[in-house]
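As a plain string of letters, each chain reads:
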Amino acid sequence: MKFRIGQGIDVHAFCEGDHVMLGGVRIDHERGLDAHSDGDVVLHALCDAMLGATALGDIGRHFSPSDPQWKDANSRELLRQINVLLKHEGWAVTNADITVLCEQPKITPHAAQMQENIAADLGLDAGDISIKATTTEGLGFCGRGEGITAQAIVLVKSW
């Protein structure tokens, strides 16, 4: 059995809107996220971590933002498709650690539902998924409230 670690990062700027999607959870917010799909930075970072760990490229290679079929795509469906790809290649995610960087919205009230969503989509237990949040203490574009960043690390194993 082999193990590999992958990491992923995603960033989206705020735009007009009334909610954000994070970890498959719709969170009411005074702005939305500018994206071709639903803009779920949590799931996009996780997808990139999974693809990176298995040397299968990145989310843009599999779901190009220039392809109209992915316009407003549900990122949970993208995550499920990438999980199927990993399984086809002989890999399985064992756990994921995800950090959301933003000033707003508050993540902690939604973290448990994010864990449940991701675990369900990957066929894992909620305890295998960690969702954390931090601010950037007012520094950078996240600190100025211009957008949201997410970072993900995953461990995958062959089977």
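Here's what I pulled together on the structure shown here.

What counts, and at which threshold
- Here the residue numbering is sequential within each chain, running from 1 through the sequence in written order.
- Residue-level local features of this predicted model are given only where pLDDT is at least 70; pairs of side-chain atoms are given and counted only at 80 or more, and the full residue set underlies all totals for whole chains, interfaces and linings.
- Just so you know, side-chain values use all the structure's heavy atoms and leave hydrogens and water out.
- Just to be clear on terms, a salt bridge is a Lys or Arg side-chain nitrogen sitting within 4 Å of an Asp or Glu carboxyl oxygen.
- Each helix is a run of H or I in the DSSP string that is no shorter than four residues. Each strand is a run of E no shorter than two, and both are numbered from the N terminus.
- The cut-offs for exposure are 20% and 50% of the maximum accessible area for each residue type, with area from a 1.4 Å probe on protein chains only; residues under the lower value are buried, those over the upper are exposed, and the others partly exposed.
- By this definition, two strands are paired if DSSP reports at least two bridges between them.
- We call two residues in contact when some of their heavy atoms are within 4.5 Å.
- Between N-to-C directions, angles span 0 to 180 degrees; the directions come from axes that are lines fitted to C-alpha atoms, helices contributing only their stretch in contact.

1. Concerning the pattern of salt bridges
Here comes step 1: A complete count under the given rule lists seven salt bridges for this structure.
Here comes step 2: The shortest N-O distance in the salt bridge between Arg80 and Asp121 comes to 2.8 Å. Of this pair, Arg80 sits in helix H3 (residues 75–88) while Asp121 is found in helix H4 (residues 108–122), placing the two residues 41 residues apart along the sequence.
Here comes step 3: Exposure remark for Arg80: the relative accessible area of 31% places this residue in the partly exposed category.
Here comes step 4: A relative accessible area of 10% places Asp121 in the buried class.

2. Structural notes on the sheet that holds strand E7 (residues 147–158)
Sheet strands pair by backbone hydrogen bonding; their relative direction is either parallel or antiparallel.
Here comes step 1: Taken in spatial order, the five strands of this open sheet run E4-E1-E7-E5-E6, and their pairing is mixed. Each end of this open sheet is capped by a strand with a single partner; those strands are strand E4 (32–33) and strand E6 (129–134).
Here comes step 2: As paired strands, strand E1 (residues 3–15) and E4 are joined by two bridges and run antiparallel to one another. In the strand pairing of E4, Cys15 is matched with Gly32.
Here comes step 3: Relative to the sheet, H4 contacts strand E5 (91–101) and E6, its axis offset from that of E6 by approximately 145°.

Keep in mind that these numbers describe shape and distance, not what the molecule does.
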